[in-house]
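Listed here are the chains, written in short residue letters.
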Amino acid sequence: YFWIMGRVDDVINVSGHRLGTMEVESALVSHEAVVEAAVVGMPHEIKGTGVAAFCTLEPQHAPADDAAAAKLKESLRAHVATEIGAIAKPDQIRFTDALPKTRSGKIMRRLLRSIAAGETDSGQDTVGDTTTLEDFSVLAKLRESDEA
């Protein structure tokens, strides 16, 4: 029996190491504070491609202030380093109430890649077709939020 856990095209090359995004997502979700996670690659000056993570948190673990958010981000980075290795630690972690999904429930990763890369939404063509996006407010909230 074979069990396919991820897709080969969801692999990012971080400093010469091939990382499956699903592996990093699984490590993040195994942390008690995280309900759902999506990981994408982003441009990085030194590594070539960095790891950007978007996490939905359990309501009781939501950080109250910036200090608590920074502490939780470090905890998540340490957890990923323990589960996979230091090379897989996310360079950028953003907390969100929801992830941009299609009506069928698939995460729209190309939108997350655009946000992680810091591309501004000057028009519809920068992110492509968003007609299947279930909730447009999720995308707007992610674009507004700053990553510390």
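Definitions and cut-offs
Residues numbered from 1 in each chain as written. Predicted model: local features only at pLDDT ≥ 70, side-chain atom pairs only at ≥ 80, totals over all residues. Heavy atoms only, no water. Helix = DSSP H or I, 4+ residues; strand = E, 2+ residues; numbered from the N terminus. Buried < 20%, exposed > 50% of the residue type's maximum accessible area, 1.4 Å probe, protein only. Axes fitted to C-alpha atoms, helices over the stretch in contact; angles between N-to-C directions. Parallel < 35°, antiparallel > 145°, perpendicular 65-115°, else oblique. Left-handed = near helix turned anticlockwise from the far one by under 90°. Contact = heavy atoms within 4.5 Å. Nonpolar A, V, L, I, M, F, W, Y, C, P; charged D, E, K, R; others polar. Pairing = 2+ DSSP bridges. pLDDT = per-residue confidence, 0-100. Phe/Tyr/Trp six-rings, centres within 6.5 Å; stacked < 30°, edge-to-face > 60°. Lys NZ or Arg CZ within 6 Å of the ring centre and 35° of its normal. Core = buried A, V, L, I, M, F, W, Y, C linked by side-chain atoms within 4.5 Å. Polar contact = N/O pair within 3.5 Å; in protein donor to acceptor, adjacent residues only side chain to side chain.

Okay, unusual backbone geometry next. Backbone phi values are negative for most residues with the exception of glycine, while trans is the configuration of most peptide bonds. Look at Ser-15: it is not a glycine, yet its phi comes out positive at around 50°. Positionally, Ser-15 belongs in the loop between strand 1 (11-14) and strand 2 (17-20). Looking at Ser-15, the relative accessible area reads 40%, which means it is partly exposed.

Contact geometry of helix 1 (residues 21-29) with helix 2 (residues 66-83) gives a least axis separation of 9 Å together with a crossing angle of 120°. As judged from the angle between their axes, helix 1 and helix 2 are oblique. Relative to helix 2, the crossing made by helix 1 is right-handed. Every residue of helix 2 that contacts helix 1 at Val-24, Ala-27 and Leu-28 is listed here: Leu-76, His-79, Val-80 and Glu-83. Classifying every residue of the contact of helix 1 with helix 2 gives five nonpolar, one polar and one charged.

It is worth spelling out the sheet that holds strand 3 (residues 34-44) at this point. Within the open sheet, the three strands sit side by side as 3-4-5. Their pairing is mixed. For this open sheet the edge positions go to strand 3 and strand 5 (92-95), each flanked by a neighbour on one side alone. Here the average twist between neighbouring strands, direction ignored, is 20°. In terms of strand pairing, strand 3 meets strand 4 (residues 48-57) through ten bridges, oriented antiparallel.

On average, residues of the protein chain carry a pLDDT of 86, and 89% of them reach 70 or more. Here helix 4 (residues 136-144) is the element of the protein chain with the lowest mean pLDDT, 83, and helix 2 is the one with the highest, 95.

Tracing the backbone shows Ala-33 in the loop between helix 1 and strand 3. Residue Ala-33 is classed as buried on the basis of its relative accessible area of 1%. When the C-alpha positions of Ala-33 and Leu-76 are compared, they lie 8.8 Å apart, and in sequence the two are 43 residues distant. When near neighbours in sequence (up to four residues on either side) are disregarded, Ala-33 contacts Thr-56, Leu-57, Glu-58, His-61 and Leu-72.

We now examine the packing of aromatic side chains. Inspection of the entire model under this criterion finds zero aromatic pairs. The ring centre of Phe-95 lies 5.7 Å from the NZ or CZ of Lys-73, which sits over that ring.

Ranked by size, the top nonpolar core spans 19 residues in total, and within it Val-24, Leu-28, Val-51 and Cys-55 carry the most contacts. Elements supplying a minimum of two residues to this core: strand 1, helix 1, strand 3, strand 4 and helix 2. Counting residues per element, this core draws most heavily on strand 4, at four residues. Leaving out residues up to four positions away in the same chain, Cys-55 has contacts with Leu-28, Val-34, Glu-36, Ala-37, Ile-93, Arg-94, Phe-95 and Thr-96.

Tracing the sequence through the fold places Ala-62 in the loop between strand 4 and helix 2. On a C-alpha basis, the gap between Ala-62 and Leu-72 in space is 9.0 Å, while along the polypeptide they are ten residues apart.

A separate point is the side chain of Ser-114. Note on placement: Ser-114 falls in helix 3 (residues 109-116). Overall, the relative accessible area of 5% leaves Ser-114 in the buried class. There is a polar contact of 3.3 Å between the side chain of Ser-114 and the side chain of Arg-143.

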